[in-house]
Structure formats: C-alpha cells, structure tokens
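Residues per chain, in single letters:
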Amino acid sequence: MAESAASALLNVIFQKLTDDAFKKYARSQNIHSELKELGITLSQIQALLNDASHKETTHESFRLWLNSLQHLAYDIDDVLDDVATEAMHRELTQESEASTSMVSKLIPTCCTKFSLSHRLSPKLYSITTQLQHLEKQRSDLGLIVNDEKPKRAEREMLIKKLIQDEPSKENFIIVPIVGLGGVARILYNDTRVKDHFQLMAWVCVSDEFDIFKISETIFHSMATEYKQFKDINQLQIALREQLKDKSFLLVLDDVWNQNYDDWENLVRPLYSGAHGSRVIMTTRQQQLLKKLGFNLLNHLESLSHEDALSVFALHALGVDNFDSHATLKPQAEGIVKKCGGLPLALKAIGRLLRTKTEGEEWDDVLNDEIWNLENADEIVPALRLRYHDLSADLKRLFAYCSLFPKDFMFDKEELILLWIAEGFLNESTANKSLELLGHEYFEKLLSGSFFQPAPNGETFFL
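Residues numbered from 1 in each chain as written. Predicted model: local features only at pLDDT ≥ 70, side-chain atom pairs only at ≥ 80, totals over all residues. Heavy atoms only, no water.

Asks: I'd love a proper account of the overall build of the chain, names of residues and values included.
Replies: Helix and strand counts for the chain come out as 24 helices and seven strands. Accessible surface, the chain: about 24,400 Å² in total, of which carbon and sulfur atoms supply 50%. (Helix = DSSP H or I, 4+ residues; strand = E, 2+ residues; numbered from the N terminus. Areas by Shrake-Rupley, 256 points an atom, 1.4 Å probe, with all protein chains shown as cover.)

Asks: Kindly report on a negative patch on the surface, identifying the contributing residues and their values.
Replies: Together, Glu-358, Glu-360, Asp-363 and Asp-364 make up a region of like negative charge exposed at the surface. By secondary structure assignment, the location of Asp-363 is in helix α19 (residues 359-366). (Patch = residues over 30% accessible without salt bridge, like charges linked within 9 Å, V, L, I, M, F, W, Y side chains within 5 Å. Salt bridge = Lys/Arg side-chain N within 4 Å of Asp/Glu carboxyl O. Lys, Arg positive; Asp, Glu negative; His and termini not counted. Charge placed at Lys NZ, Arg CZ, Asp CG, Glu CD.)

Asks: So what about the packing of helix α12 (residues 211-222) against helix α13 (residues 232-243)? Which residues, and what values?
Replies: For any two helices packed against each other, one specifies the crossing angle of their axes together with the interaxial distance. Orientation of α12 relative to α13, taken along the N-to-C sense of each, is 35°, at an axis distance of 10 Å. Relative to α13, α12 is oriented so that their crossing is left-handed. Here α12 contributes Ile-211, Phe-212, Ser-215, Glu-216, Ile-218, Phe-219 and Met-222 to the contact with α13, which in turn contributes Ile-232, Leu-235, Gln-236, Ala-238, Leu-239, Gln-242 and Leu-243. Across the contact of α12 with α13, the residue classes tally to 10 nonpolar, three polar and one charged. (Axes fitted to C-alpha atoms, helices over the stretch in contact; angles between N-to-C directions. Left-handed = near helix turned anticlockwise from the far one by under 90°. Contact = heavy atoms within 4.5 Å. Nonpolar A, V, L, I, M, F, W, Y, C, P; charged D, E, K, R; others polar.)

Asks: Can you explain the pairing of strand β4 (residues 277-283)? Please cite residues and give values.
Replies: With respect to burial, β4 is a largely interior element, seven of its seven residues being buried. Of the two faces of β4, both are covered, the one formed by Ser-277, Val-279, Met-281 and Thr-283 as well as the one formed by Arg-278, Ile-280 and Thr-282. Strand direction decides the pairing type here: strand β3 (residues 248-255) and β4, joined by five bridges, are parallel. Bridge pairing links Leu-249 to Arg-278 in β4. Viewed along the sheet, the connection from β3 through helix α14 (residues 260-267) into β4 turns out right-handed. (Buried < 20%, exposed > 50% of the residue type's maximum accessible area, 1.4 Å probe, protein only. Pairing = 2+ DSSP bridges. Right-handed = clockwise from strand over helix to strand, strands pointing away.)

Asks: Go over helix α17 (residues 329-338) with me, naming the residues and quoting the values.
Replies: What α17 keeps buried is the set Gln-331, Ala-332, Gly-334, Ile-335 and Val-336. Immediately downstream of α17, the backbone of Gly-340 shows phi near 65°, a positive value.

Asks: An account of the pattern of salt bridges is needed here, citing residue identities and associated values.
Replies: On inspection of all chains with the given rule, the structure shows four salt bridges. Between Asp-82 and Lys-123 there is a salt bridge, and its shortest N-O distance comes to 4.0 Å. With Asp-82 in helix α5 (residues 60-96) and Lys-123 in helix α8 (residues 116-141), this residue pair connects regions lying 41 residues apart in the sequence. Residue classification places Asp-82 among the partly exposed residues on the basis of a relative accessible area of 29%. Note that Arg-396 and Asp-393 form a salt bridge whose closest N and O atoms lie 3.8 Å from each other. Placement of the pair is Arg-396 and Asp-393 together in helix α21 (residues 392-401), with a separation of three residues, close to one helical turn. Note on Arg-396: relative accessible area 39%, which makes it partly exposed.

Asks: Which residues make up the packing of helix α16 (residues 305-317) against α17, and what values do they have?
Replies: At their nearest, the axes of α16 and α17 sit 10 Å apart, and the two run at 115° to each other. By the angle class used here, α16 and α17 are roughly perpendicular. When the axes of α16 and α17 are compared, the crossing they make is right-handed. Each of His-305, Ala-308, Leu-309 and Phe-312 in α16 lies in contact with α17, whose residues at this interface are Lys-329, Ala-332, Glu-333, Ile-335 and Val-336. Of the residues in the contact of α16 with α17, the class split is six nonpolar, one polar and two charged. (Parallel < 35°, antiparallel > 145°, perpendicular 65-115°, else oblique.)

Asks: Just give me the short version of the confidence of the model for the chain, but keep the residues and values in it.
Replies: In the predicted model, the chain carries a mean pLDDT of 75, and 73% of its residues have values of at least 70. By mean pLDDT, helix α7 (residues 109-112) is the weakest element of the chain at 42, and α13 is the strongest at 92. Contacts from residues 295-300, a stretch scored under 50 in pLDDT, to residues over four places away or in other chains number 20 contacts. (pLDDT = per-residue confidence, 0-100.)

Asks: I'd like to hear about the packing of aromatic side chains, residue by residue, with values.
Replies: Describing an aromatic ring pair means giving the distance of the ring centres and the angle of the ring planes. Following the criterion strictly, the structure yields 11 aromatic pairs and no others. A centroid spacing of 5.3 Å and a plane angle of 85° characterise the contact between Tyr-188 and Trp-202, whose relative ring orientation is edge-to-face. Placement of Tyr-188 in helix α10 (residues 184-188) and of Trp-202 in strand β2 (residues 199-206) is noted, with a sequence separation of 14 residues between them. Note on Tyr-188: relative accessible area 7%, which makes it buried. Take Trp-202: its relative accessible area is 4%, and that puts it in the buried class. Centroid distance Phe-322 to Trp-362: 6.3 Å. Interplanar angle 85°. Geometry classified as edge-to-face. (Phe/Tyr/Trp six-rings, centres within 6.5 Å; stacked < 30°, edge-to-face > 60°.)

Asks: Please give an account of unusual backbone geometry that cites residues and values.
Replies: Positive phi values are uncommon outside glycine, yet Asp-245 reaches one of about 60°. Locating Asp-245 in the fold gives a position in the loop between α13 and β3.

Asks: Go over the side chain of Gln-331, please, and point to the residues and values.
Replies: With respect to the helices, strands and loops of the structure, Gln-331 is situated in helix α17. Of the residues examined, Gln-331 reaches a relative accessible area of 8% and is grouped as buried. Here Asp-363 takes part through its side chain, which lies 3.5 Å from a polar atom of the side chain of Gln-331. If sequence neighbours within four positions are ignored, Gln-331 has contacts with Gly-359, Trp-362, Asp-363 and Leu-366. (Polar contact = N/O pair within 3.5 Å; in protein donor to acceptor, adjacent residues only side chain to side chain.)

Here is the structure:
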C-alpha cells in the first residue's frame, strides 16, 4: 500500500535530517532553516498517514494523496542525498588540501566552489510549497490525526502549566502526572510546547534509576555533538554547561524510584537552565512526589468513556463513532469498559477487530476468559488477545524482542538484520528478499501496537 511506502521513506528522511554531521554541514551552507521547516511540515503530514491508510481502499482521493506524498518523498530523499554527498566531498577535499599543488591554489574559489544554498534553495522551496499544499488538503479530505488523547480539559490545563509563567524560586518547575507511563507524549508533541522551549529531551526511566544513563540520554538529546564521558561528575558538568541559560523541557517517563537522594543527584545540573523550564514526571508511585511537596497530583490514567469509545471506533472501524454500526455498539461498550479507557489497550483490541465484522466475533473477544486474569491491568489482557491473533512467524519475532531490557529502543533496520541472522525469516516461502520480508513483519507488529514510536521523534521504537 502507498501508506507503507510513504511511511518507510519518511522514516529514512527523518533519520537523515536528525544526523548531527548533516545538520552541522547544512548550517555551514545556510540551508538549515529551510531543512528545519521541511522537517516540521513532514511531521505534520506524517501524523495523517494512519487515517489516510484506513480510507485509501474505499476512496480514490486518499490513494492519490498518498501517491503524491510518496513521489514527493523520493524528491526530498534525492535532495538530502545531494547535501550528504557535498558534505562528504568537502570533508575529503579538506583532508587533501595539504597536498594540493600551487597551480590549484591560484584558481579563484568562485570557479571551483558553487554555493550549495544557491543551487538547492529553489528545490527546497518548491518541495516545501508542495508539502504545505498536501498538508492543507487535509481539511478538504477530512483527514484527522488519530492521537489517543486524554480528556481535553485536562490536556489544556497541563499545557498551560508547561508554557505559562509561574512564580518559582527555582529555574525549573516539576509537573507531575500520576498514571500510565507514556501519557506525557501527547504534551511533548504539542506544537505549542515545542515552540516554547529551546531544548527538549525524553527519557524512559522505568524501574532502573541509573543516574549516569539518564543524564547521558538527556545530554545527547540536547547536545549538537556526540561525546563520551568517563564518570558522572564529568557528564553532569557538561550537561550543566549545555543547559546554561536555556529554557528546556525534560520528560522523565514512568519513574518508579522513590529515593529522594537519587532525585537530588539527578537534577543537580538542571538548576543552570533558564527560568521557566519544566520537568514532566510521570509515575505510578506517589511517594517520591509527596516527598517533593506535591499533594495535589494530576491523575491522567485514562480517557473519558466517550473519548475511549471514539478511539476504539477509529481503530476498529475507521470512523469515530458507531452510528453506522449500531449492532456492534453494545459489545464495543463492554470492551471499552474492560480496557479501562487506556489508549494502548483500546488501540490493540481495535486493530484486532478491524477484520472482524460479525457480532459473534466481537462477543468472543468481549467474553474471553483472558479478561479475568489476576494481577493484571487492562493492558495485559488486551495485548494477549492481540498476541494470540498473530501468526506463528510473528509470535516468534516478537518473542525474540523479549531478550532485550525493558524500555529498550529498537532500531528497525538493526532488528531486522538480527532476525535474519537468527534465521527467523524464510525467503523461499515468501518469494521476497529477507530485508523486505522483515520490513513487512515489523510493520505488522507496529500496527498491532507491539511496538510504539519513540517519543523523541527519532527513528527508534519501544
């Protein structure tokens, strides 16, 4: 499908745009601002791909929109390859300058070096204009962003806490959220929030509170160059300098550690940041937050019943309500209740039922004994139901991922190569290359919510 090809191309493009060496060279050629604008527009369009893919099979206009995006993505990739090639050529030229002859040095620079900015700016302008045209078509086509959003009032309240000035003795303010790890992604990706802060970083903390690893992730998310550090003291000095007098947003997602001293050691470099900076901490454990003086906490665990039903309908039926599927609404109400309003559970079960249109099939899911598992929240049964529906090949590939640590960030290409090395992919049965087969399997697992895109916008998956 066109959506899969476009999505794969966009991931490649985002990877190139976020490469540190690439960005450094782009700045030197005065095309950094154009490429940054290009990335912003692409991000807005990428958010529409899911909805467009649901509708392209029944509406020709959506298929044409996706095809236009795919062709434009190829053009963008070609331009970025030009920039990367020029950067490599420049590096090689600099290395050989010491051995150049006097004759070559007498040739004027204007005759040997053409401005990359002058050559590519018209192309970048044309591409950006076409992208903006595609983005504007969303209204005419009725494309929507299928975000799993918390209650709107709560979301707006939290965004105000992030971007509005508040009196504070410290340079940064902690915004605590008690609930499921991952909900802060909605706030982190809000354009108002992105435009407000100079630096942003996201860290999945979970149950291993390693101060060095967390600090290192923060530094590399905010720094323009890669550095290695021998000890925590050296690392925190560098982080303090990186944050100095700059406004930042740091998300510490799914924190379990309740040791106050560990927290103090972690945030020590943050005090060098500009006034108005924010730290979002999501946790299911309230003790640390209470030690920090937070008694009135933001509980953002689940969606309202109405929003949850809408999210479920989007993933199960491709529409945001059950008006045209009234016979399935009673089962949907029951499933939404059992999912506890949790977006990931709703998404997983919705996609499981996407190919099932009979009421009896929905009854089977609603009445499955797996919902009665003890010591499990609503997500576990939902994902188990989705897992049971996988083919044997996909189950084996997903089971292999359990060998990695919790919250490990998978690079898609590297994971596929590992699957190939382990002999999990069989080229003869599919009549496709192993790499292509691996990509298809990965996309199936991603669409089933077994992987989640990394919140920091990189081409990694959790």
